[in-house]
Amino acid sequence: MQLYNTLSAKERAQLIDQAGKNRLTLSFYQYANIENPQILRDHLFITWNHLDVLGRIYVAHEGINAQLSLPADRFNEFKEHLDSISFLQGIRLNIAIEQDNKSFLKLKIKVRDKIVADGLNDDTFDVTNKGIHLGAEQFNVLIEDQKTVLVDMRNHYESEIGHFKNAITPDVDTFRDSLDIIEADLKDHKEDKNLVMYCTGGIRCEKASAYFKHKGFKNVYQLEGGIIEYTRQVKEKNLENKFLGQNFVFDDRRAERISEDVIAQCHQCGAPFDVHTNCANDACHLLFIQCDACKEEMDNCCSTTCKEIHALPYEEQKALRKGQGNSNDIFKKGRADHLSYKKDLRNIFETLKLNKKE
Ligand SMILES: [Zn+2]
Ligand SMILES: [Zn+2]
């Protein structure tokens, strides 16, 4: 019985081309009490591999978090299978706005301690005691309220290319950091403000809202289904779209354009631009924003050092890397001192003031 992915990304890409079928990219999550994540994991792998599902799925005692793609014509079978699992019955699926047949090239289902790396080692609060869920229409109304503080729960490199009008976008690398910053900065407003949160697909807010309620915030709200579901509802119900720019996503598409606004800048020359790239020097691989002109001039590299290394024959590059561990920059998504145009928003209240002035 096959329980793990066996094809390389390249082989898979060829198969997808040969099949010539449209694929759907979608995501969903559910907090639930899963007794034996390994058994569920194997069951999902066998069934989904058979349905030609590809993607990245985490299963834990606390639930499941799935981002995947599948052939559009197998969607009904897939949905039926989800409905056969009690805690996934009728679950809302976030269907991607921009489709790409190669959003995922492997099926990876992993058993993890948690379904989101939230850095929260706090079992004292009840994850199911979450904030009030808002649909797009209610969300649009509430974020115009004077008493509302709207917070983007994502990381700096995500909110940099797109966020809601007037949102506070904490300059953080991790979810854990943003919880602390928000709590500290709003400590005097736990009762008189509406704390409204959003993230990509809703999962981070699920936990954050429970956390803030546990910390004494009285009016906690979250955008149900995140930016993805918001955009779907805006289109379906013809509502005003209040999201500017691109929605960062965690697959090979990298982002979905939600509005035509370009709110970010090339990290190298400062020109308006909002498409991420990875530094072409494999030893660096830094995720950053680079415009087309800089890409050409810098050979898709983040610095002159990387450009020089990238230009060396492969064997020499390998020899240089020997014994040097990977560069830290790999994990510092979009942060490096030589990228002078990276937006740096340290203080959330300064951001708030800036936003209110507009
Ligand atoms: Zn540039
Ligand atoms: Zn680099």
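Above this text you will find the structure in question.
Residues numbered from 1 in each chain as written. Chains lettered and ligands numbered in written order. Predicted model: local features only at pLDDT ≥ 70, side-chain atom pairs only at ≥ 80, totals over all residues. Heavy atoms only, no water.

Quick look at the overall build of the chain now. Counting secondary structure elements, the chain contains 12 helices and 14 strands. A globule of 358 residues ought to have a C-alpha radius of gyration of about 21 Å, and the chain, at 21 Å, matches this closely. Projected onto its principal axes, the C-alpha positions of the chain cover 60 × 50 × 40 Å. Each of the 358 residues in the chain was classed as buried or not, and the buried ones make up 50%. For the chain, the computed accessible surface area is about 17,600 Å², with 48% contributed by carbon and sulfur atoms. For the chain, the distance from the average position of its 49 positive side-chain charges to the average position of its 56 negative side-chain charges is 1 Å. (Helix = DSSP H or I, 4+ residues; strand = E, 2+ residues; numbered from the N terminus. Rg over C-alpha atoms; globule rule 2.2 N^0.38 Å. Buried < 20%, exposed > 50% of the residue type's maximum accessible area, 1.4 Å probe, protein only. Areas by Shrake-Rupley, 256 points an atom, 1.4 Å probe, with all protein chains shown as cover. Lys, Arg positive; Asp, Glu negative; His and termini not counted. Charge placed at Lys NZ, Arg CZ, Asp CG, Glu CD.)

What follows covers the coordination of the zinc ion (ligand 2). Listed as protein donors to the zinc ion (ligand 2) are C279 (SG), C284 (SG), C302 (SG) and C306 (SG); their distances from the metal cover 2.3 to 2.4 Å. Geometry at the zinc ion (ligand 2) is tetrahedral, judged from the four donor atoms that bind it and their angles of 105 to 115 degrees at the metal. Along the chain, the residues donating to the zinc ion (ligand 2) are arranged with the sequence spacing C-x4-C-x17-C-x3-C. Linking C284 in the loop between β13 (276–278) and β14 (287–289) with C306 in helix α10 (residues 304–311), this pair joins segments that are 22 residues apart in sequence. This pair shows no difference in class: C284 is buried, exactly as C306 is. (Donors = N, O, S within 2.8 Å, 3.2 Å for Na, K, Ca; no water. Tetrahedral: all angles 85-135°; square planar, octahedral: opposite > 155°, others 65-115°.)

With that settled, the discussion passes to the coordination of the zinc ion (ligand 1). Taken together, C266 (SG), C269 (SG), C291 (SG) and C294 (SG) make up the full set of protein donors to the zinc ion (ligand 1), lying 2.2 to 2.4 Å away. Taken together, the four donor atoms coordinating the zinc ion (ligand 1) span angles of 105 to 113 degrees at the metal, a pattern that classifies the geometry as tetrahedral. For the zinc ion (ligand 1), all donor residues lie on one chain, and their spacing in sequence is C-x2-C-x21-C-x2-C. Here C294 lies in helix α9 (residues 292–298) and C269 lies in the loop between β12 (255–257) and β13, a separation of 25 residues in the sequence. Residue classification places C269 among the partly exposed residues on the basis of a relative accessible area of 37%.

This next bit is on the sheet that holds strand β2 (residues 54–60). Sheet strands line up and pair through hydrogen bonds in the backbone, either parallel or antiparallel. In space, the five strands of this open sheet follow the order β4-β1-β3-β2-β5, with mixed pairing throughout. Strand pairing shows two members of the sheet lacking a second neighbour, β4 (94–95) and β5 (107–111), which therefore form its edges. In the sheet, β2 pairs with β5 via five bridges, with the strands oriented parallel. In the sheet register, I57 faces β5, and the bridge partner there is I109. (Pairing = 2+ DSSP bridges.)

Our next topic: helix α6 (residues 175–185). Since one α-helical turn is 3.6 residues long, residues separated by three or four positions face the same way. Turning to α6, its buried residues are F175, S178, L179, I182 and E183. For α6, the buried positions fall inside an angular range of 125 degrees around the axis, keeping them on one side. (Arc of directions from axis to C-beta.)

As a further point, take the nonpolar core. Among the nonpolar cores identified, the biggest contains 29 residues, and F28, W48, I57, L68 and F78 are the most heavily contacted of them. Elements represented by at least two residues in this core include exactly α1 (9–19), β1 (23–31), α2 (37–50), β2, β3 (63–71), α3 (75–83) and β5. Beyond its immediate sequence surroundings of up to four residues, F28 is in contact with W48, I64, N65, A66, L68, F78, L82, L88, I91, R92 and L93. Membership of the second largest hydrophobic core comes to 20 residues, among which are F125, V149, M197 and A210. (Core = buried A, V, L, I, M, F, W, Y, C linked by side-chain atoms within 4.5 Å. Contact = heavy atoms within 4.5 Å.)

So, about unusual backbone geometry. Even without being a glycine, N166 presents a positive backbone phi close to 65 degrees. For N166, the location among the structural elements is in the loop between β8 (162–164) and α6. If you check the backbone angles, N300 has positive phi at about 65 degrees while not being a glycine. Tracing the sequence through the fold places N300 in the loop between α9 and α10.

This paragraph deals with the environment of A255. Tracing the backbone through its elements, the reader meets A255 in strand β12. Through-space distance from the C-alpha of A255 to that of L24 is 16 Å; in sequence the pair is 231 residues apart. Sequence-distant contacts of A255, defined by excluding residues within four places in its chain, comprise E98, I161, Q246, N247, F248 and V249.

In this section: the sheet that holds strand β9 (residues 194–198). Strands sit in the order β6-β10-β9-β7 across an open sheet of four strands; the sheet is parallel. Each edge of the open sheet carries a strand with a single partner, namely β6 (132–134) and β7 (148–152). Taken pair by pair, the neighbouring strands of this sheet meet at an average axis angle of 30 degrees, ignoring direction. As defined by bridge partners, β9 adjoins strand β10 (residues 219–223) across four bridges and the pair is classed as parallel. Bridge pairing in β10 links M197 to Q222. (Axes fitted to C-alpha atoms, helices over the stretch in contact; angles between N-to-C directions.)

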